[in-house]
Amino acid sequence: MGNDARTPAAAASADFEEVQATQQFQELRKRHRSFVFPMAIAFLLWYFAYVILAAYAVDFMSTKVWGNINVGIIMGLLQFVTTFAITGWYVSYSNRRLDPIAADIRHGIEGHEYDKSGSSGQGGGAK
Amino acid sequence: MITIPAAVDVAALKDTTLLNMGIFALFVAVTMVIVLRASRNNKTAADYYAAGRSFTGSQNGTAIAGDYLSAASFLGITGAIAINGYDGFMYSIGFLVAWLVALLLVAELLRNTGKYTMADVLSFRLRQRPVRIAAAISTLAVCFFYLLAQMAGAGSLISLLLGISDWGGQALVIIVVGALMIMYVLIGGMKGTTWVQIIKACLLIAGAAVMTLWVLAIYGFNLSSLLGGAAEAANNPAVLNPGLQYGKTETSKLDFMSLALALVLGTAALPHVLMRFYTVPTAKEARKSVVWSIGLIGLFYIFTLVLGYGAAALVGADTIKGAPGGVNSAAPLLAFHLGGPLLLGFISAVAFATILAVVAGLTITAAASFAHDIYANVIAKGKADADTEVKVARRTVIVIGILAILGGIFANGQNVAFLVALAFAVAASANLPTIIYSLFWRRFTTQGAVWSMYGGLASAIILIALSPVVSGGATSMIKGANFAVFPLSNPGIVSIPLAFLLGWLGTVLDKRQEDPSKQAEMEVRSLTGVGAEKAVEH
């Protein structure tokens, strides 16, 4: 149905459980999760810390730091800075640590390295 | 250009109606030519729904910004800052930070596992029928709420920008907006819609940039003196501090927490945003799209800080509140103050283009979901050919367009601002838990998905119906009745954790196991991109 109407034969004939069990794929998954989960938790905590301060620590947020610029404005602008920084960090991490290994596994599958026994080249549809 | 008026003369706005209309007509003419040119290659379903997967990451990122920066962002946030000060700025931050969820957890994995719609991903390794139906229903619900808010907003915008204040005239303009939108989507499909969004994003960001630099120049490029000017004009130094709008009571503080939760978790689950990731050829381009959109959207929201406080300082909160269109008139009035009728005309046209582009994006998403999920996979049980599916999608566009026009006329003048917040809350409750679980939790089952999606959808809508926005308050939709047993206007703080809980509970109580080979396939495909449809060659 739907998803693999145009799936290349290699992907349709591959044994994905075999791929999933390979050390290379486990490594890819570990690298992906060990970056995105802590990062997602960190930015959500930082954002909600900011929102909670804005709601419940108005005096602190209203403290003037420089001219009319107060802690609230600075923390708000810092949210922009951290968002841009995390974006840049993730892109560089993906380019270095995720993309090469993902491409390697992909080429392996497309080169029929993981075909199910007896169905090589048939691509009989995964569903 | 005429001399800049010392204070904004609201009555003089009417004289610029013809100019506004002229600039808007020019936008429509230019985009229509581009849509016609872009549509010549629309042949297959992938062309119609996903623009042949032929856009680059930077193009798609710009289109995402165009899709995301709705009139509510541009006019609503600028107005909220101008009147409520700091609390308005907090919307900007929530709307931006939310993109990290899309970048880190959703965009690339989704691009790798789906084809046209959100339901493709959610039903990948679960039972097709129940999950697809649930995902399509929640997609249609989010699109409907968002669409209704945009169309109703068009009515009040018109009263300000074109000086059409009678009901019949506004209805006529809503019909024109709806008809134009139907034409764009019908002729151009996803490709045409994407180009409209790209053009609109460029115009919007350029217009906002000019106004921002102009305001900053007036204050010697010193943010502190701009803030000082705003505080002085408001005669209230508290506009620079949080709490003016949401800090009044404990309930309103909690309400803001609830809104913040829905904004930050809802964005990455908005179906019309998700669908945009299918217009690029690879996951790497999907990543690049999000990077571009984070850049553009972030830049724009920094502008809103200057524009909002600039409007407060230069136009004044009382003038804004007194103008037709109320809070929404802050940005246009600031444009008039700075650049006279020409800049006002430009900004007004941009605001119209914004509504048009956003409703077009919503309509094609809803049509794709109906044709691809409900019709092709459920009614025709996967036996419909692609041509029939696209034919159904095109007919759905017309039906949705007509519904949107009727809804817009009916809701015109109603207080429907809560609908956008509701759309985010529904997206965060009904869609996000299932997206996250099915991408990252091996054990997740069909029952968990169905419980989470229906539970999230129903709880968000029921809580809104029982909240002060519908009854029991001074600005409620239904006056003279009070069944508001839920104190908050934003249901997210209850409905989002509930949906996550239901997804977990439904899974652990499910006696059936899902096919481990489908789970393996989904995980391998999502991380490596193997088997994902490549760009269609023309």
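Residues numbered from 1 in each chain as written. Chains lettered and ligands numbered in written order. Predicted model: local features only at pLDDT ≥ 70, side-chain atom pairs only at ≥ 80, totals over all residues. Heavy atoms only, no water.

Trainee: How would you sum up the overall build of chain B? Please name residues and give values.
Mentor: On a plain count of helices and strands, chain B comes out with 20 helices and 0 strands. In summary, chain B has a C-alpha radius of gyration of 23 Å against a globular reference of 24 Å for 538 residues, a match within 12%. With the C-alpha coordinates of chain B rotated into their principal frame, the extents come out at 70 × 55 × 45 Å. Residue burial in chain B is summarised as follows: out of 538 residues, 67% are buried. Taking as baseline every contact in chain B between residues at least 6 positions apart, the subset at least 24 positions apart corresponds to 83%. By element, 68% of the accessible surface of chain B is carried by carbon and sulfur atoms, the whole surface being about 17,100 Å². With 33 positive and 24 negative side-chain charges, chain B shows a separation of 7 Å between the mean positions of the two kinds. (Helix = DSSP H or I, 4+ residues; strand = E, 2+ residues; numbered from the N terminus. Rg over C-alpha atoms; globule rule 2.2 N^0.38 Å. Buried < 20%, exposed > 50% of the residue type's maximum accessible area, 1.4 Å probe, protein only. Contact = heavy atoms within 4.5 Å. Areas by Shrake-Rupley, 256 points an atom, 1.4 Å probe, with all protein chains shown as cover. Lys, Arg positive; Asp, Glu negative; His and termini not counted. Charge placed at Lys NZ, Arg CZ, Asp CG, Glu CD.)

Trainee: Please give an account of the overall build of chain A that cites residues and values.
Mentor: For chain A, the helix and strand inventory stands at 5 helices and 2 strands. When the elements of chain A are put in sequence order from the N terminus, they spell out α-α-α-α-β-β-α. Per-residue burial for chain A yields a buried fraction of 43% across its 127 residues. Looking at chain A alone, contacts between residues at least 24 apart form 73% of all its contacts between residues at least 6 apart. Put simply, chain A shows about 6,200 Å² of open surface, and 60% of that area lies on carbon and sulfur atoms.

Trainee: Describe the nonpolar core, with residues and values.
Mentor: Core analysis: the biggest nonpolar cluster contains 231 residues, and Trp99, Leu104, Tyr301 and Tyr309 of chain B have the highest contact counts within it. Ranked by residue count, the leading element in this core is helix H15 (residues 330-379) of chain B, at 25 residues. (Core = buried A, V, L, I, M, F, W, Y, C linked by side-chain atoms within 4.5 Å.)

Trainee: Which residues make up a nonpolar patch on the surface, and what values go with them?
Mentor: Residue and element names in this part refer to chain B. A grouping of Trp451, Leu498, Leu501, Trp504, Leu505, Val508 and Leu509 is seen on the molecular surface, where their side chains present a nonpolar patch of about 590 Å² in accessible area. Here the nonpolar patch takes 5 residues from helix H19 (residues 492-508), the largest share from any one element. Structurally, the position occupied by Leu505 is in helix H19. (Patch = residues over 30% accessible without salt bridge, like charges linked within 9 Å, V, L, I, M, F, W, Y side chains within 5 Å. Salt bridge = Lys/Arg side-chain N within 4 Å of Asp/Glu carboxyl O.)

Trainee: Outline the packing of helix H5 (residues 86-97) of chain B against helix H11 (residues 250-266) of chain B, supporting the account with residue identities and numerical values.
Mentor: Residues and elements named next belong to chain B. Close contact between H5 and H11 brings their axes to 8 Å; oriented N to C, the two are set at 35°. Here Met90, Tyr91, Gly94, Phe95 and Val97 of H5 lie close against H11, whose contacting residues are Phe256, Leu259, Leu263 and Val264. Class assignment of the residues belonging to the contact of H5 with H11 gives a composition of 8 nonpolar, 1 polar and no charged. (Axes fitted to C-alpha atoms, helices over the stretch in contact; angles between N-to-C directions. Nonpolar A, V, L, I, M, F, W, Y, C, P; charged D, E, K, R; others polar.)

Trainee: Go over the interface of chain A and chain B, please, and point to the residues and values.
Mentor: Between chain A and chain B, the contact holds 64 residues from the first and 70 residues from the second. For the pair chain A and chain B, the summed buried surface comes to about 5,800 Å²; carbon and sulfur atoms form 69% of the total. Seen at the junction of chain A and chain B, the total is 4 salt bridges. Among the salt bridges present, the one from Glu523 of chain B reaches Arg33 of chain A, with a minimum N-O distance of 3.8 Å. Remark: the boundary between chain A and chain B carries 16 residue pairs in polar contact (both at pLDDT 80 or more). Contributing elements (two or more residues each) for the side of chain A that touches chain B: helix H2 (16-21), helix H3 (23-56), helix H4 (58-61), strand S1 (64-66), strand S2 (69-70) and helix H5 (71-110) of chain A. Here the side of chain A that touches chain B is built from residues that sort into 38 nonpolar, 16 polar and 10 charged. (Buried area = accessible area lost by both parts, 1.4 Å probe. Polar contact = N/O pair within 3.5 Å; in protein donor to acceptor, adjacent residues only side chain to side chain.)

Trainee: I'd like to hear about unusual backbone geometry, residue by residue, with values.
Mentor: Here the phi dihedral of Ala51 of chain B falls at roughly 50°; this positive angle occurs in a residue that is not glycine. Its location among the elements puts Ala51 of chain B in the loop between helix H2 (45-50) and helix H3 (57-68).

Trainee: If you had to explain H15 of chain B to someone new, which residues and values would you point to?
Mentor: Compared with an ideal rise of 1.5 Å per residue, which puts 50 residues at 74 Å, H15 of chain B spans 48 Å between its outermost C-alpha atoms and falls more than 12% short. Following H15 of chain B by one or two positions, Lys381 of chain B adopts a phi angle in the positive range, close to 55°. (Expected span 1.5 Å × (residues − 1).)

Trainee: Which residues make up the packing of aromatic side chains, and what values go with them?
Mentor: Residue and element names in this part refer to chain B. Considering all chains together, one arrives at 24 aromatic pairs over all chains under this definition. Note on Tyr68 and Trp99: the rings are 5.1 Å apart at their centroids and 85° apart in plane angle, and the pair reads as edge-to-face. One end of the pair, Tyr68, is in helix H3; the other, Trp99, is in helix H6 (residues 99-113), with 31 residues separating them in the sequence. In terms of burial, Tyr68 and Trp99 fall into one category: buried. Taken together through their ring pairs, the aromatic side chains of Tyr68, Phe74, Phe95, Trp99, Tyr146, Phe300, Tyr301 and Phe424 make up a single cluster. (Phe/Tyr/Trp six-rings, centres within 6.5 Å; stacked < 30°, edge-to-face > 60°.)

Trainee: Which residues make up the environment of Gly316 of chain B, and what values do they have?
Mentor: Residue and element names in this part refer to chain B. Position of Gly316 relative to the elements: it lies in the loop between helix H13 (283-314) and helix H14 (317-322). Overall, Gly316 belongs to the buried group, its relative accessible area being 13%. Linking Gly316 and Ile83, residues 233 residues apart in sequence, is a C-alpha distance of 8.5 Å.

Trainee: Residue-level account of the confidence of the model for chain A, with values.
Mentor: All names here are of chain A. On average, residues of chain A score 84 in pLDDT, and 82% of them reach the 70 mark or higher. Within chain A, the element-level pLDDT minimum falls on helix H1 (residues 9-13), averaging 63, and the maximum on H3, averaging 95. pLDDT under 50 marks residues 1-7. Its contacts with residues more than four places away, or in other chains, come to 24 contacts. Every residue in residues 119-127 scores below 50 in pLDDT, and together they form 17 contacts with partners more than four places removed in sequence or on other chains. (pLDDT = per-residue confidence, 0-100.)

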